[in-house]
Amino acid sequence: RLLGSGQISRLCVLETRRNSGIGRALLVAAEEAARAAGMREIFLYAQTHATSFYEGAGFSASGGIFNRYRSMKN
C-alpha cells in the first residue's frame, strides 16, 4: 500500500512466487500512483535480506539498521 506520506508499506510476495517480477510490478505501480498523486518522494522500511531487491529498483538505503527488542511478560 502507498500511504499519504509517501511510504510504501507492507509490500510482500509469497516466497514461492519471488523472483517472478511480482514485487517489481508492485513497486512500479506504487511509484506511478505516487507520481499521479503529486508526491515528490517515496520511501519504505525493508528487512535487510531485501536490500538488493530495493537497490535494484532504484532505492538507496539511508539511516541505520533497526534494532529489535523483545519482552516476555508473565
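Everything discussed here concerns the structure shown above.
Note that the structure is a prediction, hence the values are computed from the model and not measured.

Thresholds, definitions, all that
Residues numbered from 1 in each chain as written. Predicted model: local features only at pLDDT ≥ 70, side-chain atom pairs only at ≥ 80, totals over all residues. Heavy atoms only, no water. Helix = DSSP H or I, 4+ residues; strand = E, 2+ residues; numbered from the N terminus. Rg over C-alpha atoms; globule rule 2.2 N^0.38 Å. Areas by Shrake-Rupley, 256 points an atom, 1.4 Å probe, with all protein chains shown as cover. Lys, Arg positive; Asp, Glu negative; His and termini not counted. Charge placed at Lys NZ, Arg CZ, Asp CG, Glu CD. Phe/Tyr/Trp six-rings, centres within 6.5 Å; stacked < 30°, edge-to-face > 60°. Expected span 1.5 Å × (residues − 1). Buried < 20%, exposed > 50% of the residue type's maximum accessible area, 1.4 Å probe, protein only. Arc of directions from axis to C-beta.

So, about the overall build of the protein chain. Along the protein chain, the regular secondary structure elements total two helices and two strands. The helix and strand sequence of the protein chain, counted from the amino end, reads β-α-β-α. Relative to the 2.2 N^0.38 estimate, which gives 11 Å for 74 residues, the radius of gyration of the protein chain is 14 Å and therefore markedly larger than a compact globule would have. Expressed as lengths along the three principal axes of its C-alpha atoms, the size of the protein chain is roughly 50 × 30 × 25 Å. By element, 49% of the accessible surface of the protein chain is carried by carbon and sulfur atoms, the whole surface being about 6,600 Å². Separation of charge centres in the protein chain, based on 10 positive and 5 negative side chains, amounts to 10 Å.

A separate point is the packing of aromatic side chains. One pair of aromatic rings is described through two measures. These are the centre distance and the angle between the planes. Throughout the structure, instances matching the rule amount to three aromatic pairs. Here the aromatic rings of F53 and Y54 are separated by 4.9 Å at their centres, their planes lie at 70 degrees, and the arrangement is edge-to-face. Put simply, the rings of F53, Y54 and F59 touch in pairs and so form one group of aromatic residues.

Since the α-helix turns once every 3.6 residues, residues separated by three or four places project in the same direction. When the terminal C-alpha atoms of helix α1 (residues 22-36) are compared, their 21 Å separation across 15 residues agrees well with the 21 Å that a helix rising 1.5 Å per residue should span. When we look at burial in α1, the residues that qualify are G23, L27, A30, E31 and A34. Seen end-on, α1 carries its buried residues on one side only, within an arc spanning 100 degrees. Exposed positions of α1 whose direction lies more than 90 degrees from the buried face are R35 and A36.

No statement about biological role is implied by the geometric values presented.
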